[in-house]
Amino acid sequence: FGTGHHATTQFGIEALERLELTGKKVLDVGAGTGLLAMVAAKLGARAYGVDLDPITVPIARENAELNGLDLEFFEGVLEDVLHLAPFDVLVCNLFAELHMLLMPEYVEALTEHGELILTGILADRLPMVLDALERENFRNVQTQRNGEWMLCTASR
């Protein structure tokens, strides 16, 4: 867990690498050990992370410190960090059902032309995520598959 070897984490890393992040504000939602926030920071972003699990937040902070990165990680849910919004990019490694439920908050958290990176989606659950993206008027929706896992990216 949190090593970057899982397909969902790899999707998040690759999607971040395709963006110009210098000077951008990025939030890692469901940050876990903080890997995606750290990648965003290494790519030039001002990165933050939020996770509901009280065990992972101190680990994420320690990982950032060990990598010489000054990142802020918060224990809680997306709603708890909306005071930091808007973000240029959200990278969210969560289950499809959570993406569907959080879609209105993703809209609230992003800048007008913000980028959304969604991973952690099982292929058979992709339609519910696509429906939620359409409902919230996201555009430039793209998907990628690796075995049973899907990546979905979109723009506001």
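The rules behind these values
- Residues numbered from 1 in each chain as written.
- Predicted model: local features only at pLDDT ≥ 70, side-chain atom pairs only at ≥ 80, totals over all residues.
- Heavy atoms only, no water.
- Buried < 20%, exposed > 50% of the residue type's maximum accessible area, 1.4 Å probe, protein only.
- Helix = DSSP H or I, 4+ residues; strand = E, 2+ residues; numbered from the N terminus.
- Arc of directions from axis to C-beta.
- Contact = heavy atoms within 4.5 Å.
- Pairing = 2+ DSSP bridges.
- Right-handed = clockwise from strand over helix to strand, strands pointing away.

Enquirer: Sorry, what's going on with helix α3 (residues 56-66) here?
Expert: Listing the buried residues of α3 in full gives T56, V57, A60 and A64. End-on, the buried residues of α3 take up no more than an arc of 100°, which puts them together on one face. The outward face of α3, more than 90 degrees from its buried face, is lined by the exposed residues E65 and L66. Considering only its buried residues, α3 is in contact with α2 (35-42), β2 (46-51) and β3 (72-75). Residue G68 follows α3 closely and has a positive phi angle near 70°.

Enquirer: Just checking my understanding: could you explain the pairing of strand β4 (residues 87-93) for this structure?
Expert: A regular strand places its side chains so that they alternate between the two faces of the sheet. The buried count for β4 comes to five of seven residues, which makes it a mostly enclosed element. Alignment of strand β1 (residues 25-29) against β4, held across four bridges, turns out to be parallel. Its bridge partner being in β4, D28 is matched across the sheet by V91. Bridge count between β4 and strand β5 (residues 110-122): six bridges; the pairing is parallel. Each residue of the ladder has a partner; that of N93, found in β5, is T119. For the handedness criterion, the β-α-β arrangement of β4, helix α4 (residues 96-109) and β5 is classed as right-handed.

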